[in-house]
Amino acid sequence: MSDNDDTTPAQYASPPCFMHELDPDFQQPLSDWSDVRRWRKAERERLIAARLTISADIRTTMAKRIAEGLDAVIGNVAGKMISLYWPFRGEPDLRGWMESVNERGGRTALPIVVEKGQPLIFRAYRHGDRLERGVWNIPIPAEGDPVVPDVVISPIVGIDPNKYRLGYGGGFFDRTLASLPRKPLVIGIGYDMQRIPTIYPQPHDIPMDAVVTETGGPA
């Protein structure tokens, strides 16, 4: 996963080659971290813009298929604490599936930004609980002690074949996963059009355990 566009330098073992002359889709590795940061920013903007062109009706259909894929990956949700998210900028809306988790004996939570540069915390949430506005005006649970999720479901901006996630650039997700007392099952969710050849992962980036899109999962 990569929300983190801080100052860690990129390291690559191979020098530039001439593959771009043989394959027009070939992307020459970036060897400088400032170039990687610029590339990630541009790619992030491109992918979000493309996601926002998908109509609401089509996104609803895609979200239903993603929910089916999540059930296939997670299995029985009873007794599990599952962290989701409040949909933002065209992300799959899984709030209906969140309600179904609670109906089936599971519990759900939402992530909360506490402070820039610090890990997220999670608070339990189910439909009807009081919400307040958090960072970017995204609703968050207004009260409750932090919980530790068994499953963390993260929306992607982009995803590469090794399940490294391109996020929004704040670094929150990788810090959070590194700080948890036990490792959860980490699932990235998004649309097939968000698959990209690489995100130029860094040593601090943590890959997803599985990726679910509208065409199924895990992948």
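Residues numbered from 1 in each chain as written. Predicted model: local features only at pLDDT ≥ 70, side-chain atom pairs only at ≥ 80, totals over all residues. Heavy atoms only, no water.

Q: Teacher, can you tell me more about helix α4 (residues 95-103) here?
A: Each α-helix turn comprises 3.6 residues. Residues three or four places apart therefore point the same way. Residues of α4 that are buried include every one of W97, M98, S100, V101 and N102, and no others. Its buried side turned inward, α4 meets α3 (56-74), β1 (81-83), β2 (107-112) and β6 (151-155). (Buried < 20%, exposed > 50% of the residue type's maximum accessible area, 1.4 Å probe, protein only. Helix = DSSP H or I, 4+ residues; strand = E, 2+ residues; numbered from the N terminus. Contact = heavy atoms within 4.5 Å.)

Q: Sorry, what's going on with the nonpolar core here?
A: Buried together is how nonpolar side chains tend to be arranged in soluble globular proteins. Judged by nonpolar contacts, the single largest core of 25 residues is most densely connected at L70, I82, L94, W97, I153 and I189. Broken down by secondary-structure element, the contributors of at least two residues to this core are α3, α4, β6 and β9 (185-189). Each residue touching I82, except ones within four places of it in the same chain, is listed here: I74, V77, W97, V101, R107, T108, A109, V151 and I153. Core analysis: the next-biggest nonpolar cluster, separate from the first, contains 15 residues, F172, F173, M208 and V211 among them. (Core = buried A, V, L, I, M, F, W, Y, C linked by side-chain atoms within 4.5 Å.)

Q: I keep staring at the pattern of salt bridges and nothing clicks. Help me out?
A: Pairing between side chains of opposite charge can happen when the charged atoms of each approach one another. Within the structure shown, the criterion is met by 10 salt bridges. Where R46 meets E43, a salt bridge forms, and the shortest distance between an N and an O atom there is 2.7 Å. With a gap of 3 residues between them, R46 and E43 both fall in helix α2 (residues 33-52), about one helical turn apart. Here R182 ties to D150 by a salt bridge, and the two come within 3.1 Å at their closest N and O atoms. Here the residue R182 occupies a position in the loop between α5 (172-179) and β9, and D150 occupies one in the loop between β5 (139-141) and β6, the gap between them amounting to 32 residues. The class for D150 is partly exposed, based on a relative accessible area of 28%. (Salt bridge = Lys/Arg side-chain N within 4 Å of Asp/Glu carboxyl O.)

Q: Can you walk me through the environment of A210 in this structure?
A: Here A210 lies in strand β10 (residues 210-212). Overall, A210 belongs to the buried group, its relative accessible area being 4%. Separated by 24 residues in the primary sequence, A210 and V186 have C-alpha atoms spaced 6.7 Å apart.

Q: I tried to follow the packing of aromatic side chains on my own but got confused; where do I start?
A: Given two aromatic rings, their pairing is described by the distance between the two centres and the angle made by the two planes. Applying the stated rule across the entire model yields 5 aromatic pairs. Between F88 and W136 the ring centres are 5.7 Å apart and the planes differ by 15 degrees, which places this aromatic pair in the stacked class. Of this pair, F88 sits in the loop between β1 and α4 while W136 sits in the loop between β4 (131-133) and β5, and the two are 48 residues apart along the sequence. Overall, W136 belongs to the exposed group, its relative accessible area being 53%. With centroids separated by 5.8 Å and ring planes inclined at 65 degrees, the aromatic side chains of F88 and Y168 adopt a geometry described as edge-to-face. With F88 in the loop between β1 and α4 and Y168 in the loop between β8 (165-166) and α5, this pair connects stretches of sequence that are 80 residues apart. In this structure an aromatic cluster arises from ring pairing among F88, W136 and Y168. If you follow R165 out to its NZ or CZ, it ends over the ring of F173, 4.9 Å from the centre. (Phe/Tyr/Trp six-rings, centres within 6.5 Å; stacked < 30°, edge-to-face > 60°. Lys NZ or Arg CZ within 6 Å of the ring centre and 35° of its normal.)

Q: Explanation requested: the environment of G144 in the structure shown.
A: For G144, the location among the structural elements is in the loop between β5 and β6. For G144, a relative accessible area of 44% gives the class partly exposed. Put simply, G144 and F122 are 22 residues apart on the chain and 9.3 Å apart in space, counted from C-alpha to C-alpha.

Q: When you look at α5 in this model, what are you seeing that I'm missing?
A: Listed in full, the buried residues belonging to α5 are F172, F173, D174, T176 and L177. Each element contacted by the buried residues of α5 is listed here: β3 (121-124), β6, β8 and β9.

Q: Is there a simple way to explain unusual backbone geometry in this structure?
A: With the exception of glycine, the majority of residues adopt a negative phi angle, and the majority of peptide bonds are in the trans configuration. Not every positive phi belongs to a glycine, and W136 is a case in point at roughly 60 degrees. Backbone geometry places N137, a non-glycine residue, at a positive phi of 65 degrees. Within the secondary structure layout, N137 lies in the loop between β4 and β5. Residue N137 is classed as exposed on the basis of its relative accessible area of 54%.

Q: Hey, could you run me through the pairing of β9 in this one?
A: Note on strand geometry: in a regular strand, side chains alternate between the two faces of the sheet. The buried fraction of β9 is high, at 4 of 5 residues. In the sheet, β6 pairs with β9 via 5 bridges, with the strands oriented parallel. Pairing of V151 across the sheet is with L185, part of β9. Bridge count for β9 against β10 is 3 bridges, and the pairing is parallel. The residue bridging I189 from the neighbouring strand is V212, located in β10. (Pairing = 2+ DSSP bridges.)

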